[in-house]
Structure formats: C-alpha cells, structure tokens
Amino acid sequence: MLQRHCTVNRLRIGGDAPVRLMGIINCSPESFYRGSYTPTGGIHDRAVAMLDEGADMIDLGARSTAPGSHPITVAEEAARVDAALSELDGTGITLSVDTRYAEVLEVCLRHDIHAVNDISGLADERYARAVADSGLPVFAMASFQEPGDATGLAATLSALEAVVARCARLGIDEYVLDPAVGRWIPERTSDDDWELCRNFGSFSAFGRPVLAAISRKSFIGDLLGRDPEERLAGTLALTMVLAGEGAAVVRSHDVRETADLLRIHEKTRRA
C-alpha cells in the first residue's frame, strides 16, 4: 500500500501537507559552504533563529560529505554531534541527524532526535539494523552501495527502488526518499544533476515523499560560474521548480529566503 506521507515528531510531510522546510546546521568546519558552519555554543541560538525564520525542522550533521573534504574519524563526528545535541535537548525542536555510522547514531539516541538522514540509503546492513531498531523515520538517499553512486536518471530510479525494498525488509514504514542530486562520486557530472532535476517528478512514482536537497551545490555553481557563497539566487530558482515538481520537503542553508519562496509557492498552488 502506498503511503504518500511521512510523520516526523507530529510533522506531516507529503500528501496534502505544504512543502516542508528543513534548515541545515553543520557542526563541521570542513563544510563546503562556510556560512553554514555553527560552532559549539551557538547551536541552540541558530536552531531557534531558523525556526523563527520559517523552518519546520532542523537537520544537524557533523561531517562534511562534499567531494575532497577533510576526513574525520567516527569518534570525532560522534563527539561533535553529542555536544551539539546537548544544546537542543528539551527544546522540542524537530530534529533529524545526518550520519551514516552506527556508533554516531548510538550517541544521537541519547538525545531528543526525531529522524535519521542517511545518505547511504540503508545500504550498510549494520547501520540499517540500528536505524530500524531505533524506530525513527528516515530520509533515505538513492544509493546502491555508497552514497550517491547511481549515475543518471535510470540508475537513480533503480537505486531508489533498492532503498524502498530495504525499508520494506527492515520494517521501516516512515521514510522520505532523496534522489541524491549532487556530485557524490567522481563519475557524476553536472549534466547528471540537471537530468535529475528536469525529471524530479518521476521520483514521486514510488508513492513516498521526496526530499529536494540542492542548496548551493556545485552543479548550480558550474552553470552560473559562482562560488558557494554566491549561489543563493540559483538555488532559490531551482527550489521553486522542484517544489512545483512534487518535492515534499526542501533542505536549505538559507531558511528565511526559502521560507518566503515556499509561501509564494503555496499561495500559487492553492485557491
């Protein structure tokens, strides 16, 4: 049976709900976009500010996944997340945690979190079991074995099909699909990303809410000749397109501007 919505901490995503806004908080100074880094001690205020600006939930991560980013250990990622989540415990803020490691998830589960954002699409059996055992909803990215390792539309659809099958096998009913727009592996090109964006509506065929995670990414910069700090206008333009093509939730570094965009989108699609 198709479940066209997902519920995260009483927040309904997909179905007849408005497009939801996920604000990004990075605890990783290695992030490709320096403006997204929030150091320990500033996490609480940043999260509250994002909610005031219009975010429905926060996605918190402590490891940069951008190509060529400086690697860190799992223990370092866990320590960063532990410190950040400690600032948010008891606030009631709807939180997803962006990690692909069971050891990090174990630390996260000591805090008030409401969803897992897994860029590996539950491909790692040990981690997938840990996620399933947690009972948390999942944002699951199109991946065969490694994050974003599907190249092109047909492969992405196949990878999403594999993710759906994993969720069924693991008994995970609450999840959102992420088609993995971005340069996750060297073989991927900007043209691949634009192909996914042009065909974004096809990802709704699985009957699940779809995440648009394109904020300030390199394919936008490649087209416009802009560094990450100068990609806001391009990101907003593409976000409006993807919202019109069925995105149920948008992941954004720029909450205030994206919230304005989604208000305009909502006004135009409803009487």
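Preceding this paragraph is the structure being described.
Rules behind the numbers
- Residues numbered from 1 in each chain as written.
- Predicted model: local features only at pLDDT ≥ 70, side-chain atom pairs only at ≥ 80, totals over all residues.
- Heavy atoms only, no water.
- Helix = DSSP H or I, 4+ residues; strand = E, 2+ residues; numbered from the N terminus.
- Buried < 20%, exposed > 50% of the residue type's maximum accessible area, 1.4 Å probe, protein only.
- Contact = heavy atoms within 4.5 Å.
- Areas by Shrake-Rupley, 256 points an atom, 1.4 Å probe, with all protein chains shown as cover.
- Lys, Arg positive; Asp, Glu negative; His and termini not counted.
- Charge placed at Lys NZ, Arg CZ, Asp CG, Glu CD.
- Core = buried A, V, L, I, M, F, W, Y, C linked by side-chain atoms within 4.5 Å.
- Arc of directions from axis to C-beta.
- Salt bridge = Lys/Arg side-chain N within 4 Å of Asp/Glu carboxyl O.
- Pairing = 2+ DSSP bridges.
- Right-handed = clockwise from strand over helix to strand, strands pointing away.
- Axes fitted to C-alpha atoms, helices over the stretch in contact; angles between N-to-C directions.
- Phe/Tyr/Trp six-rings, centres within 6.5 Å; stacked < 30°, edge-to-face > 60°.
- Left-handed = near helix turned anticlockwise from the far one by under 90°.
- Nonpolar A, V, L, I, M, F, W, Y, C, P; charged D, E, K, R; others polar.

Enquirer: Give me the lowdown on the overall build of the protein chain, citing residues and values where you can.
Expert: When you go through the protein chain residue by residue, the secondary structure sums to nine helices and 10 strands. Each of the three principal axes of the protein chain carries a C-alpha extent, and together these read 40 × 40 × 40 Å. Counting all 271 residues of the protein chain, 54% fall into the buried class. By sequence separation, contacts in the protein chain at least 24 residues apart represent 64% of the contacts at least 6 residues apart. When the accessible area of the protein chain is evaluated, it comes to approximately 11,500 Å², of which 50% is carbon and sulfur surface. The positive charge centre, built from 28 side chains, and the negative charge centre, built from 40, are 4 Å apart in the protein chain.

Enquirer: Give a description of the nonpolar core that names residues and reports values.
Expert: If you look at the biggest cluster of nonpolar residues, it comprises 67 residues, and the most contacted ones within it are Ile58, Leu60, Leu85, Leu122, Val131, Ile172 and Leu242. By residue number, the principal contributor to this core is helix α5 (residues 153–170), which donates six residues. Once residues within four sequence positions are removed from consideration, Val131 is found in contact with Leu105, Val116, Leu122, Leu136, Val138 and Ile172. Grouped together as the second largest cluster of nonpolar side chains are 13 residues, Cys6, Met22, Phe139 and Leu211 included.

Enquirer: Run through helix α6 (residues 190–198), naming residues and quoting values.
Expert: All buried positions along α6 are accounted for by Ser190, Asp192, Asp193, Leu196 and Cys197. For α6, the buried positions fall inside an angular range of 160° around the axis, keeping them on one side. Pointing more than 90 degrees away from the buried face of α6 are the exposed residues Asp191 and Arg198. Tucked into the core, α6 has its buried residues touching α5, α7 (218–224) and α8 (232–244).

Enquirer: Go over the pattern of salt bridges with me, naming the residues and quoting the values.
Expert: Per the counting criterion, the structure on display carries 14 salt bridges. With its nearest N and O atoms 3.6 Å apart, the salt bridge here joins Glu53 to Arg256. Residue Glu53 is found in helix α1 (residues 43–53), and its partner Arg256 is found in helix α9 (residues 255–269); the two are separated by 203 residues along the sequence. Of the charged contacts in the structure, one is a salt bridge between Glu77 and Arg63, with a shortest N-O distance of 2.8 Å.

Enquirer: I'd like a rundown of the pairing of strand β5 (residues 95–98), residues and numbers included.
Expert: Sheet faces and side chains relate simply in a regular strand, where the side chains alternate between the two faces. The side-chain alternation of β5 yields two buried faces, one formed by Leu95 and Val97 and the other by Ser96 and Asp98. Note that strand β4 (residues 57–61) and β5 share four bridges and pair parallel. Within β5, the position partnered with Ile58 by the bridge is Leu95. Note that β5 and strand β6 (residues 115–118) share three bridges and pair parallel. What sits directly across from Ser96, in β6, is Ala115. With helix α3 (residues 102–108) bridging β5 and its parallel neighbour β6, the resulting β-α-β unit is right-handed.

Enquirer: Pulling in residues and values, what's your account of the sheet that holds strand β7 (residues 138–141)?
Expert: Across the sheet, which stays open at both edges, the eight strands sit in the order β8-β7-β6-β5-β4-β3-β10-β9 with parallel pairing between neighbours. Edge positions in the open sheet fall to β8 (175–178) and β9 (211–212), since each of these has one partner strand only. Of the strands in this sheet, β4 and β5 are in contact with helix α2 (residues 74–86), which crosses β5 at around 165°. Where α9 meets the sheet, it contacts β3 (20–26) and β10 (249–252), and its direction lies at approximately 170° from that of β3.

Enquirer: How would you summarise the packing of aromatic side chains if you had to cite specific residues and measurements?
Expert: A full pass over the atoms with the stated rule returns two aromatic pairs. Centroid distance Trp194 to Phe219: 4.8 Å. Interplanar angle 75°. Geometry classified as edge-to-face. With Trp194 in helix α6 and Phe219 in helix α7, this residue pair connects regions lying 25 residues apart in the sequence. Since its relative accessible area comes to 0%, Phe219 is described here as buried. A ring pair is formed by Phe200 and Phe203, whose centres lie 5.6 Å apart and whose planes are at 90°; its orientation type is edge-to-face.

Enquirer: Which residues make up the packing of α8 against α9, and what values do they have?
Expert: Contact pair α8 / α9: the axes reach a minimum separation of 10 Å and the direction vectors enclose 35°. In the packing of α8 onto α9, the handedness of the crossing is right-handed. Contacts from Leu232, Leu236, Thr239, Met240, Ala243 and Gly244 of α8 reach α9 at Glu257, Thr258, Leu261, Leu262, Ile264 and His265. The residue inventory of the contact of α8 with α9, partitioned by class, reads seven nonpolar, four polar and one charged.

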